[in-house]
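Summary of structural features
Read off the chains here:
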Amino acid sequence: MKLLAAQDHQPPAEGDARTVALPNDADAMALPLEGVERVDLHFPNFTDGRAFSQAFLLRRRRGFAGEIRATGDVLIDQLVQMQRTGFSSAVLREGVDAADAQRQFERFSGFYQGDAVQTQPHFAKAA
């Protein structure tokens, strides 16, 4: 997963159809994806997980292969789950150390269940 500092994130430019900021109360299944390269999903606060569901729907049900970016109240302890549900990048809050955030991915060497990116469960990969 690509980690971005807050100052490195550029929100979608007005009129740019390649990047879409999807509100977290919008239906991800209804989003037109023709020509879209990046979808920004927003976490208004860390207790609002609707963007997880949107990312999963875009990745698994819609087959979206572009970038899905997490914005807003992104906590480093949620980064692994974000990656597993389909996010490909996340914008870190101001003052968050990127090295601390990257260490979250080193804490878990694998997962038994499949997810939005690696759909096969662990036992099926070994076979």
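Heads up: these notes are all about the structure in this document. This is a predicted model, so every value here is computed, not measured.

A look at the pairing of strand E4 (residues 67-72)
Along any regular strand, the residues point their side chains to alternate faces of the sheet. Bridge count between strand E3 (residues 38-43) and E4: six bridges; the pairing is parallel. By the bridge assignment for E4, Arg 38 is matched with Glu 67. Handedness of the crossover is the feature at issue here: the chain leaves E3, passes through helix H1 (residues 50-61), returns alongside E4, and the resulting connection is right-handed. In the sheet, E4 pairs with strand E5 (residues 89-91) via two bridges, with the strands oriented parallel. When the bridges of E5 are listed, Arg 69 appears paired with Ser 89. This β-α-β element, E4 to helix H2 (residues 79-85) to E5, shows right-handed connectivity.

Topic: the sheet that holds E3
Within the open sheet, the five strands sit side by side as E1-E5-E4-E3-E2. Their pairing is parallel. For this open sheet the edge positions go to strand E1 (2-4) and strand E2 (19-22), each flanked by a neighbour on one side alone. Pairs of neighbouring strands in the sheet enclose a mean axial angle of 20 degrees, with direction left out of account. As defined by bridge partners, E2 adjoins E3 across four bridges and the pair is classed as parallel. Within the sheet, the bridge partner assigned to Ala 21 lies in E3 and is Asp 40. Along the sheet, H1 makes contact with E2, E3 and E4, crossing E3 at roughly 160 degrees.

Criteria and thresholds
- Residues numbered from 1 in each chain as written.
- Predicted model: local features only at pLDDT ≥ 70, side-chain atom pairs only at ≥ 80, totals over all residues.
- Heavy atoms only, no water.
- Pairing = 2+ DSSP bridges.
- Helix = DSSP H or I, 4+ residues; strand = E, 2+ residues; numbered from the N terminus.
- Right-handed = clockwise from strand over helix to strand, strands pointing away.
- Axes fitted to C-alpha atoms, helices over the stretch in contact; angles between N-to-C directions.
- Contact = heavy atoms within 4.5 Å.

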